[in-house]
Amino acid sequence: MARIVGGIGTSHVPAVGAAIDNGRQDEPYWAPYFDKIGPARALASELAPDVAIVVYNDHASAFSLELIPTFALGVAAEFPPADEGYGPRAVPPAIGHPDLAWHLAESLILDEFDLTIVNEMAVDHGCTVPLSVAFGQPEAWPCRVIPLCVNVIQYPPPTGHRCLALGRAIRRAVDAYPGDERVMIFGTGGMSHQLQGERAGLVNLDFDREFLDRLVTDPEGQAAVDHTTYLREAGSEGIELVMWLVMRGALDAEVEERYRMHHVPTSNTSNGLIVLTDAADSV
Ligand code: DHB
Ligand code: FE
């Protein structure tokens, strides 16, 4: 059977993608950040996923305010990088896994998660930057990619509880898939950041640290945190963090924290990265 081999939580700051694409990783601003992501890349390589389920939010690239799916699952054979206004990133297309994606769609919808099914979609920095963080700059991504979009752009986003429950349903679906795929799940976005208005540039390191601690040891407690608290404490875009709860839900109750880092500044965002595996896999 297919199985979840690990989970990665990472910010998806577009400037990180631009730094990689333009060869700026060694510059004084970026080197401290890129030094810290090396161990996560080593773990991603060690865990050797065949498929990455990337839980991310589209930033008005594939969807606009005309159409706002709460959860949208990509079942296509290929997802090209989106043009976000300065040309598509020079990264490989994400090659999908239609068979597993359709299995997820069936399993999740019969499990009463009303997903939108997406047959054609370009993927923006929300998806491509986490792939770059985990895998660097290969000619082709080392695994298939199943994008799963979550609306955190237009109020109301789904609750933390709903995201955690979706992750658990993804776990059930993967466990029931009759293949031998090794599946890694990404929760992306965050950490604290606000891109607009009077509080633009807001960073709350205490909130971020507590979020990571509770993500690991008390996901139920973190899932109970309401939207207003994210908005107040982590800024208007800090709500992206609910997507990390989808990743957490796909792992066992007991996890091993394999790596954590936290770095400021990267653009306006507090940049976090965590790698988790099931504790049962460590024994
Ligand atoms: C930034 C962060 C984001 O999550 C995003 O979607 C866009 C920009 C930033 O920090 O610049
Ligand atoms: Fe974002």
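The structure under discussion appears in the preceding block.
Worth saying up front: this structure is predicted, and the values here are computed from it rather than measured.

Definitions and limits used
- Residues numbered from 1 in each chain as written.
- Chains lettered and ligands numbered in written order.
- Predicted model: local features only at pLDDT ≥ 70, side-chain atom pairs only at ≥ 80, totals over all residues.
- Heavy atoms only, no water.
- 1 Å grid on protein atoms, 1.4 Å probe; cavity = no way out; pocket = protein on both sides within 12 Å on 5 of 7 lines; lining within 4 Å.
- Points joined across faces, edges and corners; volume = space filled by probe spheres on them.
- Helix = DSSP H or I, 4+ residues; strand = E, 2+ residues; numbered from the N terminus.
- Nonpolar A, V, L, I, M, F, W, Y, C, P; charged D, E, K, R; others polar.
- Phe/Tyr/Trp six-rings, centres within 6.5 Å; stacked < 30°, edge-to-face > 60°.
- Near = heavy atom within 4 Å.
- Polar contact = N/O pair within 3.5 Å; in protein donor to acceptor, adjacent residues only side chain to side chain.
- Sits in = over half its atoms within 2 Å of the grid points.
- Donors = N, O, S within 2.8 Å, 3.2 Å for Na, K, Ca; no water.
- Buried < 20%, exposed > 50% of the residue type's maximum accessible area, 1.4 Å probe, protein only.
- Contact = heavy atoms within 4.5 Å.
- Core = buried A, V, L, I, M, F, W, Y, C linked by side-chain atoms within 4.5 Å.
- Pairing = 2+ DSSP bridges.
- Axes fitted to C-alpha atoms, helices over the stretch in contact; angles between N-to-C directions.
- Salt bridge = Lys/Arg side-chain N within 4 Å of Asp/Glu carboxyl O.

### Quick look at the layout of surface pockets
Then, in step 1: Roughly 470 Å³ of internal volume is contained in the largest pocket.
Then, in step 2: As for the largest pocket, its lining consists of 25 residues, and the residues nearest its centre are Val-152, Ile-153, Ser-236, Glu-237 and Ile-239.
Then, in step 3: Mapped onto the lining of the largest pocket, the elements with two or more residues apiece are α1 (14-21) and α8 (227-234).
Then, in step 4: The element that contributes the greatest number of residues to the lining of the largest pocket is α8, accounting for four residues.
Then, in step 5: By residue class, the composition of the lining of the largest pocket is eleven nonpolar, twelve polar and two charged.

### Brief notes about the packing of aromatic side chains
Then, in step 1: Enumeration according to the criterion identifies seven aromatic pairs in this entry.
Then, in step 2: Arranged with centres 6.3 Å apart and planes meeting at 75°, the rings of Trp-30 and Tyr-33 form a pair that is edge-to-face.
Then, in step 3: Cluster of aromatic residues (ring-pair linked, three or more members): Tyr-29, Trp-30, Tyr-33 and Phe-34.

### Quick word on the site of ligand 1
Then, in step 1: Ligand 1 sits among His-12, Val-13, Pro-14, His-59, His-125, His-193, Leu-195, Glu-240, Ser-267, Asn-268 and Thr-269.
Then, in step 2: A distance of 2.7 Å separates an oxygen atom of ligand 1 from a polar side-chain atom of His-125.
Then, in step 3: A distance of 3.2 Å separates an oxygen atom of ligand 1 from a polar atom in the side chain of Glu-240.
Then, in step 4: Mapping ligand 1 onto the cavity grids shows that it belongs to the largest pocket.
Then, in step 5: Residue classes in the shell around ligand 1 are distributed as three nonpolar, seven polar and one charged.

### What about the coordination of the iron ion (ligand 2)?
Then, in step 1: Every protein donor of the iron ion (ligand 2) is listed here as His-12 (NE2), His-59 (NE2) and Glu-240 (OE), and their distances to the metal cover 2.1 to 2.3 Å.
Then, in step 2: As a motif over one chain, the donors of the iron ion (ligand 2) read H-x46-H-x180-E. In this pair, His-12 sits in the loop between β1 (3-10) and α1 while His-59 sits in the loop between β2 (51-56) and β3 (71-74), placing the two residues 47 residues apart along the sequence.
Then, in step 3: Residue His-12 is classed as buried on the basis of its relative accessible area, which comes to 3%.
Then, in step 4: For His-59, a relative accessible area of 22% corresponds to the partly exposed category.

### Considerations on the side chain of Ser-270
Then, in step 1: Its location among the elements puts Ser-270 in strand β10 (residues 269-278).
Then, in step 2: Of the residues examined, Ser-270 reaches a relative accessible area of 0% and is grouped as buried.
Then, in step 3: In this structure the side chain of Ser-270 is engaged in a polar contact, spanning 2.7 Å, whose partner is the side chain of His-262.
Then, in step 4: Every residue in contact with Ser-270, bar those within four places of it in the chain, is listed here: Ser-11, Gly-190, Met-191, Ser-192, Val-203, Leu-205, Asp-208, His-262, His-263 and Val-264.

### Overview of the nonpolar core
Then, in step 1: Residues Ile-53, Leu-104, Ile-170, Phe-211 and Tyr-230 are the most contacted members of the largest nonpolar core, which totals 52 residues.
Then, in step 2: Ignoring anything within four residues of it in the chain, the contact list for Ile-170 reads Ile-53, Leu-104, Leu-108, Leu-148, Ile-185 and Val-246.
Then, in step 3: Core analysis: the second largest hydrophobic core is formed by 42 residues, Ala-19, Tyr-56, Cys-127 and Leu-131 among them.

### Structural notes on the side chain of Gln-222
Then, in step 1: Of note, Gln-222 is situated in helix α7 (residues 219-223).
Then, in step 2: In this structure Gln-222 comes out as buried when scored by relative accessible area, which is 3%.

### Quick word on the environment of Ala-40
Then, in step 1: Mapped onto the elements of the fold, Ala-40 is located in helix α2 (residues 31-47).
Then, in step 2: For Ala-40 and Asn-271, which are 231 residues apart along the polypeptide, the C-alpha to C-alpha distance reads 14 Å.
Then, in step 3: Leave out the neighbours within four places in its chain, and Ala-40 touches Tyr-259, Leu-273 and Val-275.

### So, the sheet that holds β3
Then, in step 1: Reading across from one edge, β6-β3-β7-β2-β8-β1-β10-β9 is the order of the eight strands in this open sheet, with mixed pairing throughout. This sheet does not close on itself; its edge strands, each paired only once, are β6 (116-118) and β9 (255-266). With direction set aside, neighbouring strand axes in the sheet form an average angle of 20°.
Then, in step 2: As judged from the six bridges shared by β2 and strand β7 (residues 144-150), these two strands associate in the parallel manner. Along β7, the bridge assignment pairs Ala-52 with Val-145.
Then, in step 3: Packing against the sheet, α2 makes contact with β1, β8 (182-188), β9 and β10, and its axis sits at approximately 155° to β9.
Then, in step 4: Sitting on the sheet, helix α6 (residues 205-217) touches β9 and β10, and the angle it makes with β9 is about 165°.

### Considerations on the pattern of salt bridges
Then, in step 1: Counting across every chain of the model gives 14 salt bridges.
Then, in step 2: For Arg-258, the salt bridge identified is with Glu-46, shortest N-O distance 3.0 Å. Taken together, the residues span a long stretch of sequence, with Arg-258 in strand β9 and Glu-46 in helix α2 at a distance of 212 residues.
Then, in step 3: For Arg-258, a relative accessible area of 29% puts it in the partly exposed group.
Then, in step 4: For Glu-46, a relative accessible area of 52% corresponds to the exposed category.
Then, in step 5: Residues joined by salt bridges that share partners form a network here, namely Arg-171, Asp-175, Asp-252 and Asp-278.

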